[in-house]
Amino acid sequence: MKKSHFLILVLGILISCAQDDDLPAKTQLLRNSDLESPDGSISPWVPVTEPGFNLGSSTEVFRSSKKSLFIENSDSLNTNSATWRQSYNGPMPSKGRKLVLRAHLKGENIELKGPESNVFISIRAFPVEDSNGNTFGRYVTTQNQIGVSGTFEWTQLRLTLPNTPEEVDNIVVYLVMGSRTTGKIYFDDITLTVE
């Protein structure tokens, strides 16, 4: 085989491998994770709220940047919940890759008033079921694992999706204040990392 043909063959193999290559470890999937976008917006973070909650961004309370997201509720009988969310629909991690969601939280007078009360973070892979109807491994949450209450300084909350499932179109991250939870919670430095 001639050198030129050999080089073309090797280059073809390398290009093919690069196209099939997985996202590198430590790839950050969320945008505006520190809430410091050049235009000053909090986009692509989107509030999803029910009556009784106050959602917004604060330039007075923050961790490492100059802004944070918050959710506030003062009604202990409020059975609704409120959420900040962000959707990722770029190149997907290959099946079996671990995703780690980290969010820093600061709490002011967080009180849990019912069995579904909590402040939590979640990851959901969409569609919610694959072509075989399986939903297993497509959603993880700290809701019933880690209780968040009281008044506290910036603390990291961490959640792992141990194995990225097949047939994923997008991944959504949720920052939630659940039903019958009162107080004010701040979120900053929110990352979703391929590991």
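Just so you know, these numbers come straight off a predicted model, no measurement behind them.

**Student:** Describe in detail the sheet that holds strand E10 (residues 181-194), supporting the description with residues and values.
**Tutor:** Paired through their backbone hydrogen bonds, the strands of a sheet run either parallel or antiparallel. Here five strands make up an open sheet; going across it, the order is E2-E3-E10-E5-E8 and the pairing antiparallel. Pairing within the sheet leaves two strands with one partner each, and these edge strands are strand E2 (53-58) and strand E8 (150-161). Averaged over all neighbouring strand pairs, the angle between strand axes comes to 25°, with direction disregarded. When strand E5 (residues 99-112) meets E10, the two strands line up antiparallel, connected through eleven bridges. Looking across to E10, one finds that Leu-105 is bridged to Phe-187.

**Student:** Help me get a handle on the environment of Ser-57, residues and values and all.
**Tutor:** Along the chain, the position of Ser-57 falls in strand E2. C-alpha of Ser-57 to C-alpha of Lys-67: the two residues are ten residues apart in sequence and 6.5 Å apart in space. If sequence neighbours within four positions are ignored, Ser-57 has contacts with Ile-42, Lys-67, Ser-68, Leu-69 and Phe-70.

**Student:** Residue-level account of the pattern of salt bridges, with values.
**Tutor:** Where side chains of opposite charge bring their charged atoms close, a pairing between them can arise. The tally for this structure, following the rule as stated, stands at six salt bridges. Note that Asp-22 and Arg-97 form a salt bridge whose closest N and O atoms lie 2.2 Å from each other. Residue Asp-22 is found in the loop between helix H1 (3-20) and strand E1 (46-48), and its partner Arg-97 is found in the loop between strand E4 (82-88) and E5; the two are separated by 75 residues along the sequence. Classification of Arg-97 as buried rests on a relative accessible area of 17%. Bridged by salt links that share partners, the residues Lys-26, Arg-102 and Glu-195 form one connected network.

Rules and cut-offs
- Residues numbered from 1 in each chain as written.
- Predicted model: local features only at pLDDT ≥ 70, side-chain atom pairs only at ≥ 80, totals over all residues.
- Heavy atoms only, no water.
- Pairing = 2+ DSSP bridges.
- Helix = DSSP H or I, 4+ residues; strand = E, 2+ residues; numbered from the N terminus.
- Axes fitted to C-alpha atoms, helices over the stretch in contact; angles between N-to-C directions.
- Contact = heavy atoms within 4.5 Å.
- Salt bridge = Lys/Arg side-chain N within 4 Å of Asp/Glu carboxyl O.
- Buried < 20%, exposed > 50% of the residue type's maximum accessible area, 1.4 Å probe, protein only.

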